[in-house]
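# Structural overview
Listed below are the residues making up each chain.
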Amino acid sequence: MTFARPVFAAALALVVVAWPGVLPRAGAADPPKSYAPVVNDDGLLTQPWFVESFLELKDDLAEAKTSGKRLAIFWEQRGCPYCREMHTVNFADPEINDYVRSHFAVLQLNIYGSRKVTDFDGQELEERTLARKYGVVFTPTIQFFPDDPAAVVGKPGNTVEVARMPGYFKPFHFLSMFEYVFDKEYKKQPFQAFLQARAERLRAQGKDVKIW
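Each value, and the rule that gives it
- Each residue is numbered by its place in its chain's sequence as written, counting from 1.
- Whole-chain, interface and lining totals are the exception, using all residues; otherwise, since this is a predicted model, local features are given only for residues with pLDDT of at least 70 and side-chain atom pairs are given and counted only at 80 or more.
- Computation of side-chain values covers all heavy atoms of the structure but excludes hydrogens and water.
- Put simply, DSSP H or I for four residues or longer makes a helix, DSSP E for two residues or longer makes a strand, and each gets a number counted from the N terminus.
- Per-residue accessibility, obtained with a 1.4 Å probe over protein chains only, is compared with the maximum for each type, and a residue is labelled buried under 20%, exposed over 50%, and partly exposed between these values.
- Residue contacts follow a heavy-atom distance rule, with two residues in contact if any of their heavy atoms lie within 4.5 Å.
- A 1.4 Å probe and the Shrake-Rupley method give the accessible areas. Residues count as covered only by the protein chains that appear here.
- The rule for a salt bridge is simple: a side-chain nitrogen of Lys or Arg has to be within 4 Å of a carboxyl oxygen of Asp or Glu.
- Here the rule is simple: two strands pair whenever DSSP picks up at least two bridges between them.
- For every element, the axis is a line fit to its C-alpha atoms; helices are fit only across the contacting stretch, and the angle between N-to-C directions ranges from 0 to 180 degrees.
- Geometric relationships in this document are graded by angle, where less than 35 degrees denotes roughly parallel, more than 145 denotes roughly antiparallel, 65 to 115 denotes roughly perpendicular, and other angles denote oblique.
- In this scheme the handedness of a crossing depends on how the near helix is turned from the far one: anticlockwise by less than a right angle means left-handed, clockwise means right-handed.
- Polar here means any residue other than Ala, Val, Leu, Ile, Met, Phe, Trp, Tyr, Cys and Pro, which are nonpolar, and Asp, Glu, Lys and Arg, which are charged; Gly is therefore polar.
- Side-chain rings of Phe, Tyr and Trp (the six-membered ring for Trp) are treated as a pair once their centres are within 6.5 Å; stacked means planes under 30 degrees apart, edge-to-face means over 60, and tilted covers the remaining angles.

## Some details on the overall build of the protein
Summing up its helical and strand segments, the protein has seven helices and eight strands in all. Within the span of the protein, comprising 212 residues, buried residues form 48% of the whole. Nonlocal contacts in the protein, meaning residues at least 24 apart in sequence, comprise 65% of its contacts between residues at least 6 apart. Carbon and sulfur atoms make up 54% of the accessible area of the protein, which totals about 10,300 Å².

What follows is the structure in C-alpha cells.
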C-alpha cells in the first residue's frame, strides 16, 4: 500500500532562466563533467544519457530492473521554461546528475508528440494520447514506476506508478524525490515527511540545505 502523492505548492516555485547558448544536437559527444543538456529531434532539451527506447514500456521497465535501476518517464514539451530550468539548473548539479543517471532509466516523452508508445496494458497510443490517458496536463511531469515487472503487466501506467512529480521541483526537492523512490520510502511515509527528515539529517551533518 502506498501513500497518496503529495503536491507541494512551495516545491513548485518556478524560476525562469535565460535560454542557454547554442546547444549541441542529441547524440553529440558529451564533454566530460559538462553536464550540459542537448537538443533532440523534437526540439526538447534532453540529457545524452536518457534511454534510447523502442517505446515498449514493459520492456523498458524490465531492462531497468536488470540494470539495477528504476524506470521514470519525463513528460516535457518544446519551449517549456520549467523543463529548461530542470535541465540547466537541476541537472547542471553534478550530485543530481550523477545520482539520477546511476539509479534511474529515464524515458523522455513529448506531451504533444506523435511517436507510438505501447503502455504496460498493451495499448499502443501516440505520446499525446498517452499523456491524456495518464492525466498529464503540464510539463515537466515525472512518473515513477515499480521495480517489479510483474506488478505492471496488463495495467495502465497511471494506475501502477508509485509516485509522480507534478511540475518543476527545486534542486533539493528534486533529488529528494529520486532518493525517496529509489529507496522505496513511499512504502513507509509520505514525501513531505521524508523531505523534512532528510533536511534535518543533512543539517545535523553540518551541510547547507537550500529548501527554497
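Don't stop here, the text continues.
## Thoughts on the pattern of salt bridges
Counted according to the given criterion, the structure contains 11 salt bridges. A salt bridge links D59 to K58; the nearest nitrogen and oxygen atoms lie 3.3 Å apart. Judged by relative accessible area, which is 34%, D59 ranks as partly exposed. For K58, a relative accessible area of 46% translates into the label partly exposed. One connected set of salt bridges, linked through shared partners, spans K65, D147 and K184.

## Regarding the sheet that holds strand β4 (residues 104-110)
In any sheet, the strands associate via hydrogen bonds between backbone groups, in a parallel or an antiparallel arrangement. Taking strand neighbours across the sheet as the criterion, the four strands line up as β4-β3-β7-β8 in an open arrangement whose pairing is mixed. Among the strands making up the open sheet, the edge pair consists of β4 and β8 (163-166). In this sheet, neighbouring strand axes are inclined to one another by 15° on average, regardless of whether the strands run parallel or antiparallel. With four bridges connecting them, strand β3 (residues 70-76) and strand β7 (residues 141-144) associate as antiparallel partners. Looking across to β7, one finds that A72 is bridged to F144. Where helix α2 (residues 81-90) meets the sheet, its contacts fall on β3, β4 and β7, and the angle it forms with β3 comes to roughly 135°.

## A closer look at the pairing of β3
The buried count for β3 comes to seven of seven residues, which makes it a mostly enclosed element. Direction of pairing for β3 relative to β4: parallel, over a ladder of seven bridges. Within β4, the position partnered with W75 by the bridge is L109.

## Points about the packing of helix α6 (residues 171-182) against helix α7 (residues 191-204)
One can describe the packing of α6 onto α7 by two numbers: an axis separation of 10 Å at closest approach and a directional angle of 110°. Regarding the angle of α6 to α7, the classification is roughly perpendicular. Crossing of α6 over α7 shows right-handed handedness. Where α6 abuts α7, its residues F172, H173, L175, S176, M177, E179 and Y180 lie against F191, F194, L195, R198, A199 and L202. Taken together, the residues of the contact of α6 with α7 sort by class into nine nonpolar, two polar and two charged.

## A closer look at the packing of aromatic side chains
Throughout the structure, instances matching the rule amount to 18 aromatic pairs. When the centroid spacing of 5.0 Å and the interplanar angle of 90° are considered together, the rings of W49 and F50 count as edge-to-face. Like F50, W49 is buried. Measuring from ring centre to ring centre gives 5.0 Å for F174 and F178, while their planes differ by 55°; the resulting arrangement is tilted. In this pair, F174 and F178 are both assigned in helix α6, four residues apart and thus about one turn of the helix distant. Grouped by ring-pair contacts, the aromatic residues W49, F50, F74, F91, F104, F144, F174, F178 and F182 constitute a single cluster.

Just distances and angles here, no functional claims.
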